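# Chains, contacts and geometry: an overview
Here is how the chains run, residue by residue.
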Amino acid sequence: MNLLRILIAFAALAAAGCVETRFESPIGDNIETCDAGWKGLWIGVDDRKDQAKDATAFYVNDACQFIVIDRPEKNGAFKQIHVPVNYVHADRKDYIVVADVAIRGLVDLKPPHGVTPVPDKSFFYARYRLRGDRIELYPVDTARVAKLVLDGKLDGTVEKVGSELHVYVRGSRSQMLDAVRKLSIFDEKNAIVLARSRQTVEQYETSMLPGGGAR
């Protein structure tokens, strides 16, 4: 799971930002900066099968800071990058909310397409299910949200050029909370599954070195 893949999981971005949904507001007013169940080191399930190809994980420390652990160059030095993440709990469902300004320094992220004036910030969502040592992340289904906008069920803009699809959803915090409660906007069939690692961050980084015995 490379750095962009990590951000896909948490920002609900599609590969290279060609398919994306951004929201004008976060979900509701009851936003938290910590979910203690996330504390620890997490690795994508697919990545554990062949970690030699990639070296990216993320760690939520005791202070509940979300840290991306990335090695941009093969066999190069690791970088630890703090990404502010927020959590929302509503109707027994759990959501991740990430501001686009929080990740612009990590990926080439342009302002929302077709939105004038350009907002100071916009937000990405994902729904998650925490089950012990596994987290299932459900990204936003951009095609479905685009249809909801075109059908007038959500206020926003849709811009499609070739294989690119960009959706921007307008609305207040309360309207966004209402949207996730009443509309099916997440891809429930293609969860990104993460597994807790029993390694420390130092052990993980050492295990990813040549001959380190990743496990």
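Given the structure is predicted, the values throughout are model-derived calculations rather than measurements.

Thresholds applied
Residues numbered from 1 in each chain as written. Predicted model: local features only at pLDDT ≥ 70, side-chain atom pairs only at ≥ 80, totals over all residues. Heavy atoms only, no water. Helix = DSSP H or I, 4+ residues; strand = E, 2+ residues; numbered from the N terminus. Buried < 20%, exposed > 50% of the residue type's maximum accessible area, 1.4 Å probe, protein only. Contact = heavy atoms within 4.5 Å. Pairing = 2+ DSSP bridges. Arc of directions from axis to C-beta. Polar contact = N/O pair within 3.5 Å; in protein donor to acceptor, adjacent residues only side chain to side chain. pLDDT = per-residue confidence, 0-100. Salt bridge = Lys/Arg side-chain N within 4 Å of Asp/Glu carboxyl O.

A count of helical and extended segments in the protein chain gives 5 helices and 13 strands. For the protein chain, the proportion of its 215 residues judged to be buried stands at 48%. Taking as baseline every contact in the protein chain between residues at least 6 positions apart, the subset at least 24 positions apart corresponds to 66%.

A cis geometry characterises the amide bond from threonine 116 onward to proline 117, with omega recorded as -5°. By the element assignment, proline 117 lies in the loop between strand E8 (93-99) and strand E9 (123-131). In the Ramachandran plot, aspartate 91 falls in the positive-phi region, its phi being about 55° despite a non-glycine side chain. Along the polypeptide, aspartate 91 turns up in the loop between strand E7 (86-90) and E8.

The element strand E12 (residues 164-170) is largely enclosed, with a buried count of 5 among its 7 residues. Relative to E12, strand E1 (residues 19-23) runs parallel, the two being bridged by 5 bridges. The partner of valine 19 across the bridge, within E12, is leucine 165. The pairing of strand E11 (residues 155-161) with E12 spans 7 bridges and is classified as antiparallel.

On to helix H3 (residues 142-150), then. For H3, the complete set of buried residues consists of Thr142, Val145, Ala146, Leu148 and Val149. Buried residues along H3 cover an arc of 160° about the axis, so they all sit on one side. Residues of H3 that are exposed and point more than 90 degrees away from the buried face comprise Lys147 and Leu150. Considering only its buried residues, H3 is in contact with E1, E11 and E12. Measuring from the backbone nitrogen of alanine 143 back to the side-chain oxygen at the start of H3 gives 3.3 Å, which picks out aspartate 141 as the cap. Glycine 152 sits one or two residues past H3 and shows a positive phi near 80°.

Confidence in the prediction for the protein chain averages 85 pLDDT; 84% of positions are at 70 or higher. At the level of individual helices and strands, the protein chain shows its lowest average pLDDT in helix H1 (residues 3-11), which scores 51, and its highest in helix H4 (residues 173-182), which scores 97. Residue range residues 11-16 is modelled with pLDDT below 50. Its contacts to residues more than four positions away, or to other chains, number 18 contacts.

Another aspect to go through is the pairing of E7. Relative to E7, strand E2 (residues 31-32) runs antiparallel, the two sharing 2 bridges. Residue glutamate 32 lies in a different strand from E7, and its bridge partner there is tyrosine 87. The sheet contact formed by E7 and E8 spans 5 bridges and is antiparallel. The residue of E8 that forms the bridge with histidine 89 is aspartate 94.

A separate point is the pattern of salt bridges. If you walk through the whole model with that rule in mind, you get 11 salt bridges. Across the pair arginine 22 and aspartate 100 runs a salt bridge whose closest N-O atoms are separated by 3.1 Å. Highlighted residues: arginine 22 in strand E1 and aspartate 100 in the loop between E8 and E9, separated in sequence by 78 residues. Residue glutamate 136 is joined to arginine 129 by a salt bridge in which the shortest nitrogen-to-oxygen separation is 3.2 Å. Overall, the relative accessible area of 15% leaves glutamate 136 in the buried class. It is possible to trace a salt-bridge network through shared partners that takes in Glu20, Arg22 and Asp100.

With that settled, the discussion passes to H4. All of the buried residues in H4 are Met176, Leu177, Ala179 and Val180. In a view along the axis of H4, the buried residues occupy a sector of 155°, so they form one face of it. Seen from the open side of H4, the exposed residues pointing more than 90 degrees away from its buried face are Ser174 and Lys182. Turning to H4, the residues buried within the fold contact E1, E7, E8, E9 and E12.

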